[in-house]
Amino acid sequence: MIFDLHSHTSFSDGALQPSELMARAMERQVTTLAITDHDTVDAYRHLPQDHGGIELVAGIEFSTQWQSTGIHVLGLNIDPGSAAIQAGVRFQTNARMQRARKIAEKLEKRGIENALAGAAELASGSYIGRPHFAQHVINVGKARDMHAAFKNYLGDGKAGDVRQHWAELAQIIEWIRDANGIAVLAHPLKYKLTRTRLKRLLADFIELGGEGMEVVSGQQTPQHTSGMVQVCVELGLLASCGSDFHGPGKRWAELGSFTPLPPRVTPVWERF
Ligand code: AMP
Ligand code: MN
Ligand code: MN
Ligand code: MN
């Protein structure tokens, strides 16, 4: 059994349509898949009739912040049609649109023309994000690849890094719980927090109703895994795992390609 509980489709910043993603998951022996697009559940309205034997767990990846750190929270096993998720998606989509306008203004000042229209055309559904702006920067010949586009235009501290006030963490967790889902802190190692700060974040997360953390996110070192296992056990959280797959060609984030959860932790799917 391979549970991959973190993946993206073209309805956020993934490269594949839901049917293509599911076919690839099948090929890669994934048995249970969660599609967790950024701040949208549009993919769940465009699923193939035939799931080809893959068990789907409905999910979403919400953007929010804790203190001054931007963080991502997964809602797993949610009801995507629930009023709570619909309200959450509406709020975040609106916040994204406002941010997109600001990013476009800033990029225009840096000589990138037509940024809003260009990014919007690359986006499908309600998500318009920095990867779409990055692709537009590439398309107009101002960057060679994604790496360069983020490094020079959209990454930390660059013109397109517009600080967005997403919905508060408490609100995000409430939406997930109201949709009968489980709130899971995504890729805890990505925030570059010290172990002490990470535990402080998780303590706040738990107090607000958060229940799990990703112990394994894509390919990571055994040291990182044992560190996350330790935090997970110490704080009594449920453990999740996933690739954070965005598209083919990234070995470190390929569907189903990560070490299994060790037996010391309680897998989040025991609660599905
Ligand atoms: P947004 O949701 O608009 O803030 O965009 C964030 C997304 O951009 C992340 O989920 C990643 O998929 C992608 N991303 C962030 N940093 C980079 C980078 N340096 N290179 C490529 N993609 C990135
Ligand atoms: Mn992404
Ligand atoms: Mn993320
Ligand atoms: Mn993700």
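Conventions and cut-offs
- Residues numbered from 1 in each chain as written.
- Chains lettered and ligands numbered in written order.
- Predicted model: local features only at pLDDT ≥ 70, side-chain atom pairs only at ≥ 80, totals over all residues.
- Heavy atoms only, no water.
- Donors = N, O, S within 2.8 Å, 3.2 Å for Na, K, Ca; no water.
- Helix = DSSP H or I, 4+ residues; strand = E, 2+ residues; numbered from the N terminus.
- Near = heavy atom within 4 Å.
- Polar contact = N/O pair within 3.5 Å; in protein donor to acceptor, adjacent residues only side chain to side chain.
- Areas by Shrake-Rupley, 256 points an atom, 1.4 Å probe, with all protein chains shown as cover.
- Nonpolar A, V, L, I, M, F, W, Y, C, P; charged D, E, K, R; others polar.
- Domains from an automatic or database assignment.

Draft legend 1. Examining the coordination of the manganese ion (ligand 3) more closely. Taken together, Glu 61 (OE), His 72 (ND1) and His 187 (NE2) make up the protein donors of the manganese ion (ligand 3), found 2.1 to 2.2 Å from the metal. Within one chain, the residues serving as donors to the manganese ion (ligand 3) are arranged as E-x10-H-x114-H. The distance between the manganese ion (ligand 3) and the manganese ion (ligand 2) comes to 5.6 Å. Separated by 115 residues along the polypeptide, His 72 in strand β4 (residues 69-76) and His 187 in the loop between β5 (182-185) and α7 (195-207) bring together distant segments of the chain.

Draft legend 2. Geometry of the site of ligand 1. Around ligand 1 sit Asp 13, His 38, Arg 96, Arg 99, Tyr 127, Gly 129, Arg 130, Pro 131, Phe 150 and His 246, and that is every residue in its neighbourhood. Contact between ligand 1 and His 38: an oxygen atom at 2.9 Å from a side-chain N or O atom of the residue. Side-chain polar atom of Arg 99 to an oxygen atom of ligand 1: 2.4 Å apart, as the coordinates give it. Across the complex, the protein chains shield 69% of the 500 Å² of accessible surface that ligand 1 would expose by itself. If you list the elements that add at least two residues to the shell around ligand 1, you get α2 (83-109) and α4 (130-139). Residue composition of the shell around ligand 1, by class: 3 nonpolar, 3 polar and 4 charged. When residues of the shell around ligand 1 are assigned to domains, at least three map to each of domain 1 (3-78 + 181-266) and domain 2 (100-154).

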